[in-house]
Amino acid sequence: MQKQIIVLIGGPGTGKSTLINELVARGYSCYPEISRQVTLEAQQRGIDQLFLDQPLLFSEMLLQGRIKQYEDAVQESEEVVFIDRGIPDVLAYMDYIGDEYPAHFVKACEDIKYSKIFILPPWEEIYESDTERYENFDQAVKIQNHLVDTYKKYGYDLIEVPKDTVENRILYILDKI
């Protein structure tokens, strides 16, 4: 079996982290979403929302972190590795806020390719805001649309994960790989 680096994407609050946590509990190699860590570190330095205050700096930090996650995933001994969000997410969010980004952002999306992309649809019943998630549900839906457009632009076929229990969503994903 060839190494599979699988990414879970979706707008904020679609259940990605919950599924990653469950996959970890089942023994799968997984990489968490890194934007929360970047946001928390900035808040400790007194910047409430780095993405809103300095979007390019925030996005550059995410891009470098996601490139490192991919490189680390390639080195994993496991044949299947899951990642919470991929490199094209960075561009989708920048497009969402209408900011420009350097050419190396695009090059990273062109050069680094994932095996499969699972997309979780917006789901208002499970959506929650918190100190790191500033978007409301309507904004989350708009971000979702940017994610779909961006991943398709870079040639990915998106596999939509149905709204269901955590168990059934996990089984759906595992069945597709």
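This write-up is about the structure you can find in this document. Predicted model, so just to flag it, every value in this text is computed and none were measured.

The rules behind each value
- Residues numbered from 1 in each chain as written.
- Predicted model: local features only at pLDDT ≥ 70, side-chain atom pairs only at ≥ 80, totals over all residues.
- Heavy atoms only, no water.
- Axes fitted to C-alpha atoms, helices over the stretch in contact; angles between N-to-C directions.
- Helix = DSSP H or I, 4+ residues; strand = E, 2+ residues; numbered from the N terminus.
- Parallel < 35°, antiparallel > 145°, perpendicular 65-115°, else oblique.
- Left-handed = near helix turned anticlockwise from the far one by under 90°.
- Contact = heavy atoms within 4.5 Å.
- Nonpolar A, V, L, I, M, F, W, Y, C, P; charged D, E, K, R; others polar.
- Phe/Tyr/Trp six-rings, centres within 6.5 Å; stacked < 30°, edge-to-face > 60°.
- Buried < 20%, exposed > 50% of the residue type's maximum accessible area, 1.4 Å probe, protein only.
- Salt bridge = Lys/Arg side-chain N within 4 Å of Asp/Glu carboxyl O.
- Arc of directions from axis to C-beta.
- Pairing = 2+ DSSP bridges.

1. Here's the deal with the packing of helix α5 (residues 87-97) against helix α6 (residues 103-111)
It is at 8 Å that the axes of α5 and α6 come closest, and there the two elements cross at 140°. As far as their axial angle goes, α6 and α5 are oblique. Regarding α5 and α6, the two cross each other, and that crossing is left-handed. Seen from α5, the contacting residues are I87, P88, V90 and L91; seen from α6, they are F105, V106, A108 and C109. Its residues assigned to classes, the contact of α5 with α6 comprises eight nonpolar, no polar and no charged.

2. A word on the packing of aromatic side chains
Counting across every chain of the model gives five aromatic pairs. Relative to F82, the ring of Y28 has its centre 5.6 Å away and its plane inclined at 85°; by these criteria the two rings are edge-to-face. In this pair, Y28 sits in the loop between α1 (16-25) and β2 (29-31) while F82 sits in strand β3 (residues 80-84), placing the two residues 54 residues apart along the sequence. Look at Y151 and Y156: their rings are 5.6 Å apart centre to centre, the planes differ by 55°, and that puts the pair in the tilted class. When its relative accessible area of 0% is taken as the criterion, Y151 is described as buried.

3. Quick notes on the pattern of salt bridges
Under the definition given, this model contains seven salt bridges. Notably, a salt bridge pairs E33 with R85, separated by 2.7 Å at the nearest N-O pair. Taken as a pair, E33 in the loop between β2 and α2 (35-44) and R85 in the loop between β3 and α5 lie far apart in primary sequence, 52 residues in all. As far as the burial class goes, E33 and R85 line up, both buried. The salt bridge involving D89 is made with R85; its shortest N-O contact spans 2.5 Å. We classify R85 as buried; its relative accessible area is 6%. Each member of the salt-bridge network shares a partner with another, and the members are E33, R66, R85 and D89.

4. Here we look at α6
The complete set of buried residues in α6 reads F105, A108 and C109. The buried residues of α6 occupy one face: seen down the axis, they fall within an arc of 95°. Looking at the buried positions of α6, the neighbouring elements they touch are α4 (55-75) and α5.

5. A closer look at the sheet that holds β3
Strand order in this open sheet of five strands is β2-β3-β1-β4-β5, and the pairing throughout is parallel. Where the open sheet ends on each side, the last strands, each with one partner, are β2 and β5 (158-160). Each adjacent strand pair in this sheet contributes to an overall mean axis angle of 25°, direction not counted. In the sheet, strand β1 (residues 4-9) pairs with β3 via five bridges, with the strands oriented parallel. In the sheet register, Q4 faces β3, and the bridge partner there is V80. In the packing of α1 onto the sheet, the strands contacted are β1, β2 and β3, and the crossing angle to β3 comes to about 150°.

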